[in-house]
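One-letter residues, chain by chain:
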Amino acid sequence: MSLQTPAQQGRIVGLLDGKRIVITGVLTDASLAFGVATRAQQEGAEIVLTGAGRGLRLTQRTARKLPAEAEVLEFDVTEPSHAQSLRQALEAKWGRVDGALHAIGFAPEACLGEDFMGATWDDVKVAIEISTYSLKLLADAVAPLMTNGGSIVALDFDATVTWTAYNWMGVAKAALESTNRYLARELGPDQIRCNLVAAGPIRTMAAKSIPGFSAFEEVWDDRAPLGWDVGDSSAVAETTVALLSDWFRSTTGSIIHVDGGFHVIGA
């Protein structure tokens, strides 16, 4: 029997070699989640995408643009029963899950813009349900299948400060950060890690729905010590893949900033 590692034997081994990863939030090839899905496949993972509602067909079309076309399963986070149906589908397909990416967020128009006080509870609860509570639903679906431990990663936007026009979506992200910490505490004994990637602004479909997004573009590159390119999501994808791998096996409940260092700079 050879005692050589796969790399010594001449086989290129990726960070996610043999891993089975669930990825939510792919709508177009500009989605942050699409970059993660692409990089995950390049690093050896077998992936499944999820989609919902009118976006399901869009996800299915975009799945064909990946290096290897991925199956798309329905997962509507406004339907609590979908957590169970997704878990059943994944169990039938794979038997186990090693990692999952949460890239789900939405807020009604009234929750964004210049009028923080204008949003009603009916508006806000939609933002909280879809952008925050959905992380718990995703954990409901995948955690029971992480029989060898695993990693749940969610995409975040720094919620320690306020942002122009982000309003109630910022509140939802603050709740997401808290939810991540409680999930880390709850799932840690099962060796399931829960972490967030706080990304800098990237030009995506979601970003276009935020009034005043151009203001982020104007200042971010100048203030970030490492600089920032709003058209390049590769650093976000690479960091997320690293968190989904075994390289961060003792890291949980954390927020990893991938923003060029913008978050450490004061006025």
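In this report, we go over the structure that sits alongside the text.

Thresholds applied
- Residues numbered from 1 in each chain as written.
- Predicted model: local features only at pLDDT ≥ 70, side-chain atom pairs only at ≥ 80, totals over all residues.
- Heavy atoms only, no water.
- Helix = DSSP H or I, 4+ residues; strand = E, 2+ residues; numbered from the N terminus.
- Buried < 20%, exposed > 50% of the residue type's maximum accessible area, 1.4 Å probe, protein only.
- Contact = heavy atoms within 4.5 Å.
- Phe/Tyr/Trp six-rings, centres within 6.5 Å; stacked < 30°, edge-to-face > 60°.
- Patch = residues over 30% accessible without salt bridge, like charges linked within 9 Å, V, L, I, M, F, W, Y side chains within 5 Å.
- Areas by Shrake-Rupley, 256 points an atom, 1.4 Å probe, with all protein chains shown as cover.
- Salt bridge = Lys/Arg side-chain N within 4 Å of Asp/Glu carboxyl O.

1. Notes on the environment of A199
So, step 1. One can find A199 in strand β6 (residues 192-199).
So, step 2. Judged by its relative accessible area of 6%, A199 falls in the buried class.
So, step 3. Each C-alpha atom, one on A199 and one on A175, is 17 Å from the other, the two residues being 24 residues apart in sequence.
So, step 4. In contact with A199, not counting residues within four places along its chain, are D156, F157, V236 and V258.

2. Focus on the packing of aromatic side chains
So, step 1. With the rule as written, the count across this model stands at 7 aromatic pairs.
So, step 2. Aromatic pair F157 and W163: ring centres 5.0 Å apart, planes at 45 degrees, arrangement tilted. Grouping residues by exposure puts F157 and W163 together as buried.
So, step 3. Members of the aromatic cluster, connected to one another through ring pairs, are F157, W163, Y166, W220 and F262.

3. Section: a nonpolar patch on the surface
So, step 1. Taken together, the side chains of L15, W247 and F248 present a nonpolar region at the surface, about 330 Å² in accessible area.
So, step 2. Within the element layout of this structure, F248 appears in the loop between α8 (234-244) and β7 (255-258).
So, step 3. Owing to a relative accessible area of 30%, F248 belongs among the partly exposed residues under this scheme.

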